[in-house]
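# An overview of the molecular structure
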Amino acid sequence: MSLDAKIPKGPLAEKWSTHKFNLKLVNPANKRKYDVIVVGTGLAGASAAASLAELGYNVKAYCFQDSPRRAHSIAAQGGINAAKNYRNDGDSVYRLFYDTIKGGDYRAREGNVYRLAEVSVNIIDQCVAQGVPFAREYGGLLDNRSFGGAQVSRTFYARGQTGQQLLLGAYSALNRQIHAGKVKMYTRTEMLDVVVVDGKAQGIVTRNLERGNIETHTGHAVLLATGGYGNVFYLSTNAMGCNVTAAWRAHKRGAFFANPCYTQIHPTCIPVTGDHQSKLTLMSESLRNDGRVWAPKTVELAQRLRKGELKVTDLKEEDRDYFLERKYPSFGNLVPRDVASRNGKEMVDEGRGVGATGIAVYLDFADAIARLGEDAVRAKYGNLFDMYYQITDENPYKVPMRIYPAVHYTMGGLWVDYNLMTNVPGLYCLGEANFSDHGANRLGASALMQGLADGYFVIPYTLGDYLATIGPKPIDANHPAFAQTKKDVEERIQKLLALRGTKTVDEYHRELGHIMWEYCGMARNEEGLKKAKGMIQSLRADFWKNAIVLGENEEVNMSLEKAGRIADFLELGELMVDDALMRKESCGGHFRIESQTPEGEALRDDDNFAFVAAWEYKGDNQPEVLNKEILEFENVHLTQRSYK
């Protein structure tokens, strides 16, 4: 099937302006005749719901947490990119566009990425107006710091809690509309299916997580802003509740799932300490501004450190390998995440890892403290240092942090066109839940940028174009599709509740995570991926025979909630493996061992794989069909990515 991304014609810098003018409009009096469903209330969902309600639409917003403030967007620490060029260091909209295209290893659309860079400057103004307390310089201008993949300082931040402060801004805008009666908020409510009527999305089916009520909700359009699927790996930096269910159920109703194998491994996480863990903790990439990443120069020194025969502070400068600075002198410790992660893994694979497990490298602030003073470092990163101390009982002001890569962000997601609509009319997808703007690797501080760009500045324009086309006629809640979709959900719940085996759903989740990390993690090869596919199929079959799900539907039942989400992960995991098997190249976070340069860098195959892989669901236990959206590059030259 040919996929039309609906990228506007004309010069790159004029595409969005031209497109906005050509979009159909809904007049103010008619806006109140439309109902819009927004699923997810993180940065993308909250900003979209608030903006659409402000325009006059009737919005129904849903989240499975007890408050929109619980959204995982709060966990973003380091900052948000914008091409303001306050530092006067050579930044521009085009440079942000170029850095993002290059950082994504040339696997994103030019049109989408340029729009993202273009509206980034508006995001900062919007958030400042909402009262977001960005850090400021002495003269009063907003401060900036650097992030990986860029040689300019364009990242705006609020200490190490930028995501939380931005979410509070969006949350306040959302609350304003809830108070005004334009947003009806459904908390502790999980979306379990999309209702498709005559080929168009016209509603959702939900379960109330406190009482178990299965309900249908109508809307002229459905917007999914439900985040990423990194928890398919079990251990990740994501909150425990993060899941793929909303996007996956939409996929099974016809929405294409794009580039599922593109997973970002973040280089600066607190290392795994054992099987007792249920999640991992991220140390912000902003720390790489002043922290220096290193490993012992020899295996012998690393062994002595692990045994406690040497203290890290006793190691001489000449015995330390600042490997990122050595290999990438132009970018140093600020190389993109995929590059830093692979190099950290390389040190451990060589036997030069540190810590009790040997699965870590150092992130050292001794030079920064000597240069700036401890107070200055504390002012920049104090809450991050405190978090590290609370978790590890080690003082990072005195000894280097230990870090190792972990699953963080997913660049894949539902396929959307330039208007953020999936291939199912009326079904939109925003933020991390879609695939659109990051290619094969997300540059740091771009997740917050994309979520707010989609919610505040893109969907308010593009949604109106679709609504004007279908007209404000009320949605028929009595259409047979609503009853049938509700029945499908109820039958699935009963099937899960009938499981009375001997293994908990958490055990299955952990086993799936081990398979995914081992064979579809930082490095993949054909033999391992084929093995993983068989293992996942066997694990899924065993799940439906031997899992145990206790309790009933008509109550708070976390066992049931988890079971539904893990069943979806078991299906998604196989598609991720299929996608990685198909893509016989390395690009960004997708690293095929068979496809690398002599220096060990990712080696793309632009002749055969310069496309978006959009997978089409064909039924349970049936192979999915690959649809391709060919990527066209008119403004950047495809080259081997280099940060040397």
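Coordinates for the structure precede this section.
Attention here is on the structure that accompanies the text. Please read all numbers here as calculations on a predicted model, not as lab measurements. (Residues numbered from 1 in each chain as written. Predicted model: local features only at pLDDT ≥ 70, side-chain atom pairs only at ≥ 80, totals over all residues. Heavy atoms only, no water.)

### Some details on the sheet that holds strand 13 (residues 320–321)
- Read from one edge of the open sheet, five strands run 11-15-14-12-13, paired in antiparallel fashion. One side of each edge strand has no neighbouring strand; the edge strands of this open sheet are strand 11 (263–269) and strand 13. (Pairing = 2+ DSSP bridges. Helix = DSSP H or I, 4+ residues; strand = E, 2+ residues; numbered from the N terminus.)

### A look at the environment of Cys520
- Of note, Cys520 is situated in helix 15 (residues 505–520).
- Distance in space between the C-alpha atoms of Cys520 and Leu443 is 21 Å, their sequence separation being 77 residues.
- Discounting chain neighbours no more than four positions away, the residues touching Cys520 are Phe233, Ile515, Leu529, Met576, Val577 and Ala580. (Contact = heavy atoms within 4.5 Å.)

### Some points on the nonpolar core
- Ranked by size, the top nonpolar core spans 153 residues in total, and within it Ile80, Leu223, Tyr428 and Phe543 carry the most contacts.
- Examining the composition of this core, we find that 13 residues originate from one element, helix 17 (residues 558–582), more than from any other.
- Leave out the neighbours within four places in its chain, and Tyr428 touches Ala221, Val222, Leu223, Leu224, Asn419, Leu420, Met421, Thr422, Ile459, Thr462, Leu463 and Tyr466.
- Residues Ala295, Val339, Met347 and Phe365 belong to the second largest nonpolar core, which totals 27 residues. (Core = buried A, V, L, I, M, F, W, Y, C linked by side-chain atoms within 4.5 Å. Buried < 20%, exposed > 50% of the residue type's maximum accessible area, 1.4 Å probe, protein only.)

### Points about unusual backbone geometry
- A positive phi is found at Lys6, a non-glycine position, where the angle reads about 60 degrees.
- Topologically, Lys6 is positioned in the segment before helix 1 (15–22).
- Of the residues examined, Lys6 reaches a relative accessible area of 42% and is grouped as partly exposed.
- Backbone geometry at Asn621 places phi at a positive 60 degrees, although glycine is not the residue there.

### Side note on the packing of helix 14 (residues 480–497) against helix 17
- Direction vectors running N to C along helix 14 and helix 17 enclose 105 degrees, while the axes themselves pass 10 Å from each other. One element, helix 14, and the other, helix 17, form an angle in the roughly perpendicular class. Only Leu560, Ala563, Gly564, Ala567 and Asp568 of helix 17 make contact with helix 14, whose side of the interface consists of Arg492, Ile493, Leu496 and Leu497. (Axes fitted to C-alpha atoms, helices over the stretch in contact; angles between N-to-C directions. Parallel < 35°, antiparallel > 145°, perpendicular 65-115°, else oblique.)

### A short note on the packing of aromatic side chains
- Per the stated rule, a full pass over the model turns up 22 aromatic pairs.
- Here a set of aromatic residues connected by ring pairs shows up, and it is made of Phe365, Tyr381, Phe385 and Tyr397.
- Positioned over the ring face of Tyr157 is Arg145, at 3.7 Å from the centre of the ring.
- The aromatic ring of Tyr397 is capped on one face by Arg378, whose charged end is 4.3 Å from the ring centroid. (Phe/Tyr/Trp six-rings, centres within 6.5 Å; stacked < 30°, edge-to-face > 60°. Lys NZ or Arg CZ within 6 Å of the ring centre and 35° of its normal.)

### Let's talk about the side chain of Arg145
- Its location among the elements puts Arg145 in the loop between helix 5 (110–129) and strand 4 (155–156).
- Asp290 provides the closest opposite charge to the buried, unpaired Arg145, separated from it by 7.1 Å.
- Within polar-contact distance, the side chain of Arg145 engages the backbone oxygen of Gly78 at 3.0 Å.
- Among the polar contacts listed, one links the side chain of Arg145 to the backbone oxygen of Arg159, at a separation of 2.6 Å.
- Not counting the four nearest positions on each side in its chain, Arg145 is found in contact with Gln77, Gly78, Ser153, Arg154, Thr155, Tyr157, Arg159, Gly160, Ser286, Asn289, Lys380 and Tyr381. (Lys, Arg positive; Asp, Glu negative; His and termini not counted. Salt bridge = Lys/Arg side-chain N within 4 Å of Asp/Glu carboxyl O. Polar contact = N/O pair within 3.5 Å; in protein donor to acceptor, adjacent residues only side chain to side chain.)

### Brief notes about the sheet that holds strand 8 (residues 214–218)
- What the three strands build is an open sheet, ordered 6-7-8; its pairing is antiparallel. Looking along the sheet, the strands with just one partner apiece sit at the ends: strand 6 (189–197) and strand 8. Shown here is a sheet whose adjacent strand axes are inclined to one another by a mean of 30 degrees, direction ignored.
- Pairing analysis gives five bridges linking strand 7 (residues 200–208) to strand 8, with the strands arranged antiparallel. Bridge assignment links Gly203 to a residue of strand 8, and that residue is Thr218.

### Structural notes on the pattern of salt bridges
- Enumeration over the complete set of coordinates arrives at 51 salt bridges.
- Of the charged contacts, one joins Asp143 and Arg87 as a salt bridge, the two residues approaching to 2.9 Å between their closest N and O atoms. Remark: Arg87 occurs in the loop between strand 3 (80–81) and helix 4 (93–103) and Asp143 occurs in the loop between helix 5 and strand 4; sequence separation between them is 56 residues.
- One salt bridge connects Asp105 with Arg604, and the closest N-O pair in it is separated by 2.9 Å. In this pair, Asp105 sits in the loop between helix 4 and helix 5 while Arg604 sits in the loop between helix 17 and helix 18 (606–609), placing the two residues 499 residues apart along the sequence.
- Classification of Asp105 as buried rests on a relative accessible area of 2%.
- Since its relative accessible area comes to 11%, Arg604 is described here as buried.
- Through salt bridges with shared partners, a single ionic network connects Asp105, Arg107, Asp338, Arg342, Arg583, Glu585, Arg604, Asp606 and Arg641.

### Observations concerning helix 17
- Between its terminal C-alpha atoms helix 17 stretches 36 Å, which fits the 36 Å expected from 25 residues at 1.5 Å a residue.
- The residue sitting at the N-terminus of helix 17 and contributing the capping side-chain oxygen is Asn557; that oxygen lies 3.2 Å from the backbone nitrogen of Ser559. (Expected span 1.5 Å × (residues − 1).)

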